[in-house]
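Fold and geometry: a report
Spelled out from the first residue to the last, the chains are:
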Amino acid sequence: MSLLVPLVMRKQILETAIREELGRLGAMGGQKVIVTSRYGGEVDLPEPLWTPVLADGSRPVMISDNIEFGVFDHRCAQDRHYHRLAMECYTVLGGTMLIEVAENIYSLAPGDSIVVPPPLPHQVLRTSPFLAQVILTNCYGPADKYTLP
């Protein structure tokens, strides 16, 4: 399914996915919802209502030209990185998330957001339980992610 239809993501479905360890969200703490290209194991979203995993184990996503959207929690690994083109907007849905941006640490509570413009280096720190979403605009997928030591 392309972005020519709305995408609905229900909080209850997301919470169930975490609690029951469905799909990658439960097992690894993060899952893409909208992607510029498939990363593996993903299929087109069959309807506008997002679900974390289908009966056959595949993960439904929408395909977009230059936007990515994902949900993740404190279990999701993230390396320190930057983007030359993409801008990232993180929003905390629950708990407290720490993020390091350009060597400054920011503490975000539910409802807080932080926008990280290119090319600022950043990394979400896994220090306490949280649930967050991230939206990347002007995104070109893995081709625009540069990992730092």
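Located above this text is the structure these notes cover.
So, here's what we can say about the structure. Just so you know, these numbers come straight off a predicted model, no measurement behind them.

What follows covers the overall build of the protein. Counting secondary structure elements, the protein contains two helices and twelve strands. Reading the helices (α) and strands (β) of the protein from amino to carboxyl end gives α-α-β-β-β-β-β-β-β-β-β-β-β-β. Here the C-alpha atoms of the protein give a radius of gyration of 15 Å, agreeing with the 15 Å that 2.2 N^0.38 yields for 149 residues. When burial is assessed residue by residue, the protein has 38% of its 149 residues classed as buried. Summarising the internal contacts of the protein: among those between residues at least 6 apart in sequence, 73% fall at separations of at least 24. Counting every atom, the protein has about 7700 Å² of accessible surface; 57% of that belongs to carbon and sulfur. Positive and negative charge centroids in the protein, built from 12 and 16 side chains respectively, lie 2 Å apart.

L14, T16 and A17 are the residues of helix α1 (residues 11-19) that are buried. Seen end-on, α1 carries its buried residues on one side only, within an arc spanning 160°. With respect to the buried face of α1, the exposed residues turned more than 90 degrees away are K11, Q12 and R19. Just beyond α1, the residue with positive phi is E21, at close to 55°.

Another point: the nonpolar core. Soluble globular proteins tend to pack their nonpolar side chains together in the buried interior. Within the largest apolar cluster, 16 residues are counted, with the highest numbers of intra-cluster contacts made by F72, Y90, M97, I99 and V124. If you list the elements that add at least two residues to this core, you get β6 (87-95), β7 (97-101), β9 (113-116) and β11 (130-137). Per-element tally for this core: the top contributor is β11, with four residues. A17, I34, L45 and M62 belong to the second-largest nonpolar core, a separate cluster that totals eleven residues.

To continue, consider the packing of aromatic side chains. Tallying each qualifying case throughout the model produces three aromatic pairs. A centroid spacing of 5.1 Å and a plane angle of 20° characterise the contact between Y82 and Y146, whose relative ring orientation is stacked. With a gap of 64 residues between them, Y82 in strand β5 (residues 81-82) and Y146 in strand β12 (residues 146-147) connect regions that are remote in the sequence. Residue Y82 is classed as buried on the basis of its relative accessible area, which comes to 18%. Assessed through its relative accessible area of 24%, Y146 is described here as partly exposed. For R84, the ring lying beneath its charged end belongs to Y146, and the centroid distance is 4.4 Å.

In this section: the side chain of T91. The residue T91 is located in strand β6 in this model. Using a relative accessible area of 16% as the deciding quantity, one classes T91 as buried. Excluding its chain neighbours within four sequence positions, the residues that come into contact with T91 are D112, S113, L131, A132 and Q133.

Quick look at the sheet that holds β9 now. Here seven strands make up an open sheet; going across it, the order is β2-β3-β1-β4-β11-β6-β9 and the pairing mixed. Edge strands, defined here as strands with exactly one partner in the open sheet, are β2 (42-44) and β9. Averaged over neighbouring strand pairs, the angle between their axes works out to 25° when direction is ignored. As judged from the seven bridges shared by strand β4 (residues 67-73) and β11, these two strands associate in the antiparallel manner.

With that out of the way, let us pick up the pairing of strand β8 (residues 104-108). Pairing analysis gives five bridges linking β7 to β8, with the strands arranged antiparallel. Across the sheet, I99 pairs through a bridge with Y106, a residue of β8. Taking the residues between adjacent antiparallel strands as the criterion, β7 and β8 are bridged by two residues, where A102 takes a positive phi near 50°.

About the thresholds
- The residue numbering used here restarts from 1 in each chain and proceeds along that chain's sequence as written.
- Where totals are concerned, whole chains, interfaces and linings use all residues; where local detail is concerned, this predicted model gives features only for residues with pLDDT of at least 70, and gives and counts side-chain atom pairs only at 80 or more.
- Just so you know, side-chain values use all the structure's heavy atoms and leave hydrogens and water out.
- Numbering goes from the N terminus for both helices and strands, where a helix is a DSSP run of H or I of at least four residues and a strand is a run of E of at least two.
- Each radius of gyration is computed over the set of C-alpha atoms, and the globule rule expresses the reference value as 2.2 Å times the number of residues to the power 0.38.
- Exposure classes here rest on a 1.4 Å probe applied to the protein chains alone. A residue is buried below 20% of its type maximum, exposed above 50%, and partly exposed in between.
- Only heavy atoms matter for contacts: two residues are in contact if any of them lie within 4.5 Å across the pair.
- Calculation of accessible area relied on Shrake-Rupley with a 1.4 Å probe; when residues are assessed, cover is drawn exclusively from the protein chains displayed.
- Two residue types count as positive, namely Lys and Arg, and two as negative, namely Asp and Glu; His and chain ends fall outside the count.
- Think of each charge as sitting on NZ of Lys, CZ of Arg, CG of Asp or CD of Glu.
- The arc in question is the one spanned by the directions pointing from the helix axis to the C-beta atoms.
- Among the buried residues, those of types Ala, Val, Leu, Ile, Met, Phe, Trp, Tyr and Cys that are joined through side-chain atoms within 4.5 Å form a nonpolar core.
- Put simply, two rings from Phe, Tyr or Trp (the six-membered ring, in Trp's case) pair if the centres are within 6.5 Å, and we call them stacked under 30 degrees between planes, edge-to-face over 60, tilted for the rest.
- Comment: the charge-over-ring label is applied if NZ (Lys) or CZ (Arg) is within 6 Å of the ring centre and within 35 degrees of the ring normal.
- When DSSP locates at least two bridges between a pair of strands, those strands are taken to pair.
- Throughout, an axis means a line fitted to C-alpha atoms (over the contacting stretch in the case of helices), and angles, computed between N-to-C directions, take values from 0 to 180 degrees.

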